[in-house]
Amino acid sequence: MDTSRSAATARPRSMSCRRRGPVLERAILDAALEQLSTVGWNGLTMEGVAAGARTGKAAVYRRWPSKEDLVADALQAGIPSLGDAPDHGSVREDLYQLCRRMRAAMYSKPGYALRSVLHECDTSTAERFHALILGGVIEPSIRLFEEVVHRGVARGDVRADATGSLVCDVIPAMMMYRSKVCGSEWDDADIAAMIDQVMVPLLRPRAG
C-alpha cells in the first residue's frame, strides 16, 4: 500500500519535470548534430533524432516539419564562433592563431556535421545550406583575416597592396581544399608551414 501510494505520487512529479521549450529544443538540436557527425546526412532520421533527444517524434515534427529545416537550425545554432581577430604583435602569429581557431571549428561536431551535409546531400538540398555556409563559416573567417592583414599594414609588416579579397581567400581555400580532397587534419606543423611558406612571403613588404 505504501509502495503504490509512492508510485502514484511519483508519476505526477516525473511528468512535471519533463523538458519543455528551449531545453527540449536544445536537446533535439544536439541530437541532430550527433546524428550528422556519426551516421551522416543520409543516415539521419527524425525518429533517430527523437530517440537521441529522448523525446517523441511528434515533439520534433511540431518544431521542424522536415529534416532540412531541423538540420539548418542545428547547424546555425551549433557552428562555433571564431571570436575576435587575434592580436599578438605580428601578422605571422596572428594568422597562425586564427588558423588554429578555424581548425577547431572545422573539426568540431558541428564542423563534421556541416561537411556531412556538403558531401552527401543532393545539389538542390546543398543549395539550401549555401547561405548558411557563407554567412556562418566563410564570411566571418574572411573578415577576421582582413582585420589581421589591415592591422599588419598599419604595423608595417604587410605591404599596403596586399589587402585584396583574393589574398584573404588563400587560407580558407587551402584549408578547405586540403581537408576535403587530401584528407589533411591540419596539425600545428602544417598550419605553421602554410603561414611561413605561403602567407608571410605573400604579405611581406617588398624590398626598397
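Predicted, not measured: the structure shown is a model, and the values here were computed from it.

A. Layout of empty space enclosed by the protein. Taken as a whole, this structure holds one cavity of 30 Å³ or more when the rule is applied. In terms of lining residues, the largest cavity is bounded by Leu-95, Phe-145, Val-149, Val-167, Cys-168, Ile-171 and Met-199. Among the secondary structure elements, those contributing two or more residues to the lining of the largest cavity are α10 (130-155) and α11 (165-180). Considering only residue class, the lining of the largest cavity consists of seven nonpolar, no polar and no charged.

B. View of the layout of surface pockets. In this structure, the largest pocket encloses a volume near 600 Å³. As for the largest pocket, its lining consists of 24 residues, and the residues nearest its centre are Met-106, Leu-114, Val-137, Ile-138 and Met-176. Those elements giving two or more residues to the lining of the largest pocket turn out to be α7 (91-106), α8 (109-120), α10 and α11. It is α10 that provides the largest number of residues to the lining of the largest pocket, a total of seven residues. Taken together, the residues of the lining of the largest pocket sort by class into 14 nonpolar, eight polar and two charged.

How each quantity is defined
- Residues numbered from 1 in each chain as written.
- Predicted model: local features only at pLDDT ≥ 70, side-chain atom pairs only at ≥ 80, totals over all residues.
- Heavy atoms only, no water.
- 1 Å grid on protein atoms, 1.4 Å probe; cavity = no way out; pocket = protein on both sides within 12 Å on 5 of 7 lines; lining within 4 Å.
- Points joined across faces, edges and corners; volume = space filled by probe spheres on them.
- Helix = DSSP H or I, 4+ residues; strand = E, 2+ residues; numbered from the N terminus.
- Nonpolar A, V, L, I, M, F, W, Y, C, P; charged D, E, K, R; others polar.

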